[in-house]
Amino acid sequence: AVVSTQSTGTNNIRKYLSSSASRLSRVLATQSSSCILATQCSARTTPTPHSNHVTRTLHTTPCHHDNETHFGYQTIPESEKEGRVKEVFERVADTYDVMNDAMSLGVHRLWKDHFVKSAAPKPNFKCLDVAGGTGDIAFNLHRHMSNINRDCEKIVVCDINQEMLRVGQERAERAGTGDNFIWLEGNAEQLDLPDNTFDLYTIAYGIRNCTHIDKVLEEAFRVLKPGGRFMCLEFSEVNNPVISQVYDRYSHDVIPVLGQVIAGDFESYQYLVESIRKFPNQETFAGMIAAAGFEIVEYENLTFGVTAIHSGYKL
């Protein structure tokens, strides 16, 4: 049961393992510097049985019946979703970071900073960042750990999209930090990684694009060590009706237009907006995390629930 309370990568792998815009801007401006409206939920359940710069292409297609699923507001065969999502991110890869700043008015940086601080990774942690794409979370994790001890573990960044990984690798090289990461092309639903390997599994703004969220959670549980922590940062449900109306108008009327102007791609950003509305709300997703075997499951709403941090432990 979920109870509401108030508050908040080959061998190298195996070796380390945006009239609506201004209105929303004013709303965000009323938030504290951490942009947090802290709402937490907890769930305790009994678990159910269950070389540097290396990129590997993993031909790992999970076996599921070809049922139907959503692609934004469209209904499509499950077998098509992975390919269509991959096409979206191939198109947006080079402008992805710029668009994140434009769409969120820069607030995504505060969300991600708070996410990593909440994860509190130690320098000896083996960290896996899934759907890690252009590297924002991985870079932030490394910065946090190296501030404690410069001799910290390499971070494995896994993404199904080669173009997103390319952008991340290029960013790391430009920053002179390329040796601190291992880049792996792989499917979150079937990771080519050993059991009981990582201390921390992070996934930010990626799980809603996966066909089988339950399978992603099962894989996260499998690759984490006992005591390891699952953390997810994802867009969620705004419960305040006034804020929700402003947010919906902004999302549907402004973000795809920004995508067209900045990235030359209206449809991809229309899909990204729609995919947010199809993702389970906070309570439902927390229940899914618990059902995968995680304990001490909780979530924290940021900016009225526009986005939320979900956490669970493999105990």
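Before any of the text, the structure's been laid out above.
The structure displayed is predicted, hence computed values, not measured ones. (Residues numbered from 1 in each chain as written. Predicted model: local features only at pLDDT ≥ 70, side-chain atom pairs only at ≥ 80, totals over all residues. Heavy atoms only, no water.)

**Q** Give a detailed account of the overall build of the protein chain, specifying residues and quantitative values.
**A** The helix and strand tally for the protein chain stands at twelve helices and eleven strands. A burial count over the protein chain gives 55% of its 315 residues as buried. Split by element, the accessible area of the protein chain, about 13700 Å² in all, is 49% carbon and sulfur. (Helix = DSSP H or I, 4+ residues; strand = E, 2+ residues; numbered from the N terminus. Buried < 20%, exposed > 50% of the residue type's maximum accessible area, 1.4 Å probe, protein only. Areas by Shrake-Rupley, 256 points an atom, 1.4 Å probe, with all protein chains shown as cover.)

**Q** Give a detailed account of unusual backbone geometry, specifying residues and quantitative values.
**A** With phi around 45°, Ala120 is a residue other than glycine that occupies positive phi space. Looking at the element boundaries, Ala120 is found in the loop between helix 5 (107-119) and strand 5 (127-130). Using a relative accessible area of 40% as the deciding quantity, one classes Ala120 as partly exposed. At Thr303, a position not held by glycine, the phi torsion is positive, near 50°. Within the secondary structure layout, Thr303 lies in the loop between strand 10 (295-302) and strand 11 (307-313).

**Q** Can you explain the layout of surface pockets? Please cite residues and give values.
**A** In this structure, the largest pocket spans a volume of roughly 220 Å³. Looking at the largest pocket, the residues that line it are Asp97, Asp101, His108, Arg109, Lys112, Asp113, Asp136, Phe139, Asn140, Arg143 and Arg171. At the level of secondary structure, the elements contributing two or more residues to the lining of the largest pocket comprise helix 4 (96-104), helix 5 and helix 6 (136-148). Per-class residue counts for the lining of the largest pocket are one nonpolar, two polar and eight charged. (1 Å grid on protein atoms, 1.4 Å probe; cavity = no way out; pocket = protein on both sides within 12 Å on 5 of 7 lines; lining within 4 Å. Points joined across faces, edges and corners; volume = space filled by probe spheres on them. Nonpolar A, V, L, I, M, F, W, Y, C, P; charged D, E, K, R; others polar.)

**Q** Explain helix 9 (residues 241-253) residue by residue, including any values.
**A** Because an α-helix completes one turn every 3.6 residues, residues spaced three or four positions apart along the sequence face the same direction. A rise of 1.5 Å per residue sets the reference length of helix 9, with its 13 residues, at 18 Å; its end C-alpha atoms lie 18 Å apart and thus fit the reference within 8%. Those residues of helix 9 that sit buried are Ile243, Ser244, Val246, Tyr247, Tyr250 and Ser251. Summarising the axial view, the buried residues of helix 9 lie within an arc of 165°, below the 170-degree limit, and thus occupy one face. Facing away from the buried side of helix 9 by more than 90 degrees, the exposed set consists of Pro241, Val242 and Gln245. (Expected span 1.5 Å × (residues − 1). Arc of directions from axis to C-beta.)

**Q** Would you mind going over the environment of Phe115 in detail, with residue names and values included?
**A** Relative to the assigned elements, Phe115 resides in helix 5. The spacing of Phe115 and Ala204 is 89 residues in sequence and 9.0 Å in space, taken between C-alpha atoms. Sequence-distant contacts of Phe115, defined by excluding residues within four places in its chain, comprise Ile137, Thr202, Ile203, Met231, Cys232, Leu233 and Ile309. (Contact = heavy atoms within 4.5 Å.)

**Q** How would you explain the packing of aromatic side chains if you had to name every residue and give the values?
**A** Scanning the model with the defined rule gives nine aromatic pairs in all. Their ring planes at 35° and their centres at 4.6 Å tell us that Tyr205 and Phe235 sit as a pair that is tilted. You can see Tyr205 sitting in the loop between strand 8 (198-204) and helix 8 (213-223) and its partner Phe235 sitting in strand 9 (residues 224-235), a full 30 residues away along the chain. The same class applies to Tyr205 and to Phe235, which are both buried. Among the aromatic residues, those joined into a cluster by ring pairs are Tyr201, Phe221, Phe230 and Phe294. (Phe/Tyr/Trp six-rings, centres within 6.5 Å; stacked < 30°, edge-to-face > 60°.)

**Q** Quick rundown of a nonpolar patch on the surface? Include the residues and the values.
**A** Taken together, the side chains of Val98, Val257, Val261, Ile262 and Phe266 make up a nonpolar region of the molecular surface, amounting to roughly 410 Å² of accessible area. Of all the elements, helix 10 (residues 255-263) adds the most residues to the nonpolar patch, at three residues. Examined against the element boundaries, Val261 turns out to sit in helix 10. Residue Val261 is classed as exposed on the basis of its relative accessible area, which comes to 65%. (Patch = residues over 30% accessible without salt bridge, like charges linked within 9 Å, V, L, I, M, F, W, Y side chains within 5 Å. Salt bridge = Lys/Arg side-chain N within 4 Å of Asp/Glu carboxyl O.)

**Q** For the nonpolar core, give the residues involved together with the corresponding values.
**A** Counting residues in hydrophobic clusters, the biggest one holds 33 residues, and the most contacted among them are Ile155 and Phe181. Where this core is concerned, the elements lending two or more residues are helix 5, helix 6, strand 6 (155-159), helix 7 (162-175), strand 7 (181-185), strand 8, strand 9 and helix 9. Excluding residues within four positions of it along the chain, Ile155 makes contact with Cys127, Ala138, Leu141, His142, Met145, Asn180, Phe181 and Ile182. Of all hydrophobic cores here, the second largest spans 32 residues; its members include Val216, Cys232, Phe279 and Ala292. (Core = buried A, V, L, I, M, F, W, Y, C linked by side-chain atoms within 4.5 Å.)

**Q** Just give me the short version of the packing of helix 4 against helix 5, but keep the residues and values in it.
**A** Across the interface, helix 4 lies against helix 5 with an axial gap of 7 Å and an inter-helix angle of 100°. Relative to helix 5, the element helix 4 is oriented roughly perpendicular. Side by side, helix 4 and helix 5 meet where Asn100, Asp101 and Ser104 of the first sit next to Val107, His108, Arg109 and Lys112 of the second. In the contact of helix 4 with helix 5, the residues fall into one nonpolar, three polar and three charged. (Axes fitted to C-alpha atoms, helices over the stretch in contact; angles between N-to-C directions. Parallel < 35°, antiparallel > 145°, perpendicular 65-115°, else oblique.)

**Q** Before we move on, can you summarise the packing of helix 4 against helix 10 with the specific residues and values?
**A** Two numbers describe how helix 4 lies on helix 10: the axes approach to 10 Å, and their chain directions differ by 145°. The handedness of the crossing between helix 4 and helix 10 comes out as right-handed. In contact with Val98, Met99, Ala102 and Met103 of helix 4, helix 10 contributes Ile255, Leu258, Gly259, Ile262 and Ala263. (Left-handed = near helix turned anticlockwise from the far one by under 90°.)

Any functional reading would require information that these geometric values do not contain.
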